[in-house]
Amino acid sequence: MAVVAQLSPSSYTETTRLSSSQLSLSSTHLSSLRRRAFRPIIRPRNPTISCSVNQVQAPVAVEQDDPKSKTNDCYGVFCLTYDLKAEEETKSWKKMVNIAVSGAAGMIANHLLFKLAAGEVLGPDQPIALKLLGSERSLQALEGVAMELEDSLFPLLREVKIGINPYELFEDAEWALLIGAKPRGPGMERAGLLDINGQIFAEQGKALNAVASRNVKVIVVGNPCNTNALICLKNAPSIPAKNFHALTRLDENRAKCQLALKAGVFYDKVSNMTIWGNHSTTQVPDFLNARINGLPVKEIIKDHKWLEEGFTETIQKRGGLLIKKWGRSSAASTAVSIVDAMKSLVTPTPEGDWFSSGVYTNGNPYGIAEDIVFSMPCRSKGDGDYELVKDVIFDDYLRKRIAKTEQELLAEKKCVAHLTGEGIAFCDLPEDTMLPGEM
Ligand code: LMR
């Protein structure tokens, strides 16, 4: 199999002159190049040079106005593109997976991208391409992210592309990790936040609908993530609504940790932890169905008042407390929880256990209103899909709390009717509930 390297306009100093659509960084496998004693040469901008490394051939100049040479504009080590099929065969690597990440220059992504590229999420035999979406403002920072990815020499990282156009970056995406959103500014009403971010997610939904894989799995992290996920899926009618998730895995992890702390056990002993509803201060961490060492939490933790009040409020407001301490929103633990959420979809859920995810409510067995994105207990066979868990119990306390978070999501939905194709928005939020970080 011929190994073809394309050397195109290169060097970091040139990158600031490239337009966003030109910042396409196509990947590489540096160690394989080294094995082939191939030495990349940094060349001036044009023309693009193609050469075969396997059967040494004279470089062939590519015309400057060749459209392909434009989309391959790049710099540094990611300029080298070549066919690695031979390596796929010898190493039994899987077919490359495209992962699109929005908000890619932010703190959460900065933790996440290096886990993805290291193979921590999809495994050591899964090559990936990272498509990093930023904004005009963050484009230079995105170049910095790409430089750090380069310098990490990840064998599994085949391709890195950066830009600001979701229609380019979401092309053939099999995963879309939508992190980028505007934070609520001083004096901004929650309705304003819903509208500003909703517009971002409406556009991204349209882009996914137009160019992503029909089987793309979308994890919405940018807040308010449940309603953003609803907007996104409504704008992507060609993609199954089931494929859209709002990230509540961080809340699940936080709840497991606090239960473990109270019970005096290591947190791996806590299972069956459901977060119901909205990723906001109305969310319901379900201690009725959760288990510690396989036993109902209420049998292990006898302080039921703490469960109903202290524990519940701690989880609901954990993000806010963290902002107070850190001076910024959770980043590393959010990235870890995105990894957990992805792994939960690509690995079979352990027998008898489940995980939480904000998913589309149509057809849910709990009597929760249809047509919203609501965190519920899910199980997966490891194929990227999931089913809702049926064997959960409810009591009055749980029902009442679930109704409150459900009302909040129904009210949020009315605020964004103009973005979901359901007419004129009418925003009358029952009370100004907050994101976990807004306290
Ligand atoms: C979190 O739960 O840590 C974040 O969603 C908080 C926030 O509002 O940024």
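Fair warning: this is a prediction, and the values are worked out from it, not measured in the lab. (Residues numbered from 1 in each chain as written. Predicted model: local features only at pLDDT ≥ 70, side-chain atom pairs only at ≥ 80, totals over all residues. Heavy atoms only, no water.)

Caption draft 1: Main features of the site of the ligand. Surveying the vicinity of the ligand reveals 10 residues, the closest of which are Asn223, Arg254, His279, Ser329 and Ser330. In the environment of the ligand, an oxygen atom lies 2.6 Å from a nitrogen or oxygen atom belonging to the side chain of Ser329. Between the ligand and the protein, one listed contact pairs an oxygen atom with a side-chain N or O atom of Ser330 at 2.7 Å. Contact with the protein chains covers 86% of the free accessible surface of the ligand, which is 270 Å². Most atoms of the ligand, that is more than half of them, are within 2 Å of grid points of the largest pocket. In terms of residue class, the shell around the ligand is built from 3 nonpolar, 6 polar and 1 charged. (Near = heavy atom within 4 Å. Polar contact = N/O pair within 3.5 Å; in protein donor to acceptor, adjacent residues only side chain to side chain. Areas by Shrake-Rupley, 256 points an atom, 1.4 Å probe, with all protein chains shown as cover. 1 Å grid on protein atoms, 1.4 Å probe; cavity = no way out; pocket = protein on both sides within 12 Å on 5 of 7 lines; lining within 4 Å. Sits in = over half its atoms within 2 Å of the grid points. Nonpolar A, V, L, I, M, F, W, Y, C, P; charged D, E, K, R; others polar.)

Caption draft 2: Here's a closer look at the state of the cysteines. Taken as a whole and judged by the stated rule, the model has 1 disulfide. The partner cysteine of Cys415 in its disulfide is Cys427, sulfur to sulfur 2.0 Å. With the S-S dihedral at roughly 80°, the linkage between Cys415 and Cys427 falls on the right-handed side. Remark: Cys427 occurs in the segment after α14 (417-420) and Cys415 occurs in helix α13 (residues 396-415); sequence separation between them is 12 residues. Given a relative accessible area of 35%, Cys427 falls into the partly exposed group. (Disulfide = S-S within 2.5 Å. Helix = DSSP H or I, 4+ residues; strand = E, 2+ residues; numbered from the N terminus. Buried < 20%, exposed > 50% of the residue type's maximum accessible area, 1.4 Å probe, protein only.)

Caption draft 3: Structural detail: the side chain of Thr282. The topology assignment puts Thr282 in the loop between β12 (274-276) and β13 (284-286). Looking at Thr282, its side chain comes within polar contact range of the side chain of Thr405, at 2.8 Å.

Caption draft 4: Spotlight on the pattern of salt bridges. Under the defined criterion, the tally for this structure stands at 16 salt bridges. Salt-bridge contacts for Asp303 lead to Lys262; the nearest nitrogen and oxygen are separated by 3.6 Å. One end of the pair, Asp303, is in the loop between α10 (297-300) and α11 (304-326); the other, Lys262, is in helix α9 (residues 249-263), and 41 residues separate them in sequence. Note that Glu309 and Lys305 form a salt bridge whose closest N and O atoms lie 2.9 Å from each other. Residue Glu309 and its partner Lys305 are located together in helix α11, separated by 4 residues, close to a single helical turn. Classification of Glu309 by relative accessible area gives partly exposed; the value is 44%. (Salt bridge = Lys/Arg side-chain N within 4 Å of Asp/Glu carboxyl O.)

Caption draft 5: Focus on the pairing of strand β9 (residues 217-220). Here β9 shows two buried faces, one formed by Lys217 and Ile219 and the other by Val218 and Val220. Pairing analysis gives 4 bridges linking strand β8 (residues 175-178) to β9, with the strands arranged parallel. Looking at β9, one finds that Leu178 is bridged to Val220. In this structure, β9 lies alongside strand β10 (residues 244-246), joined through 3 bridges in parallel fashion. Counterpart to Val220 in the pairing with β10 is Ala246. With respect to chirality, the unit in which β9 leads through helix α8 (residues 225-234) into the neighbouring parallel β10 is right-handed. (Pairing = 2+ DSSP bridges. Right-handed = clockwise from strand over helix to strand, strands pointing away.)

Caption draft 6: Just the confidence of the model for the protein, in detail. For the protein, mean pLDDT is 83; residues scoring 70 or higher make up 78% of the total. Confidence over residues 1-73 falls short of pLDDT 50; this stretch has 174 contacts with residues more than four positions distant or in other chains. (pLDDT = per-residue confidence, 0-100. Contact = heavy atoms within 4.5 Å.)

Caption draft 7: Structural detail: α11. Under the 1.5 Å per step criterion, the end-to-end length of α11 is 31 Å for 23 residues, consistent within 8% with the ideal 33 Å. Maximal helix bending in α11 amounts to about 60°, located at Lys317. Considered for burial, the residues of α11 that qualify are Trp306, Leu307, Phe311, Thr312, Ile315, Gln316, Gly319 and Gly320. The secondary structure elements touched by the buried residues of α11 are α9, β12, β13, α10 and α13. Looking one or two residues past α11, Gly327 carries a phi angle of roughly 85°, positive in sign. (Expected span 1.5 Å × (residues − 1). Bend = angle between axes of the 7 residues up to and from the residue.)

Caption draft 8: Spotlight on empty space enclosed by the protein. Summed over all chains, the structure comprises 1 cavity of 30 Å³ or more. What the largest cavity holds in volume is close to 50 Å³. Looking at the largest cavity, the residues that line it are Ile219, His245, Ala246, Leu247, Arg249, Ala341, Leu345, Phe355, Ser356 and Ser357. Contributing elements (two or more residues each) for the lining of the largest cavity: β10, α12 (332-346) and β16 (355-360). Ranked by residue count, the leading element in the lining of the largest cavity is β16, at 3 residues. (Points joined across faces, edges and corners; volume = space filled by probe spheres on them.)

Caption draft 9: Region of interest: the layout of surface pockets. The volume enclosed by the largest pocket comes to roughly 1400 Å³. The wall of the largest pocket is formed by 43 residues, among which Ile179, Gly180, Ala181, Lys182 and Pro183 lie closest to the centre. Going through the elements one at a time, α4 (107-118), α7 (190-211), α9 and α11 are the ones with two or more residues in the lining of the largest pocket. Ranked by residues supplied to the lining of the largest pocket, first place goes to α7 with 5 residues. Tallied by class, residues from the lining of the largest pocket come to 19 nonpolar, 17 polar and 7 charged.

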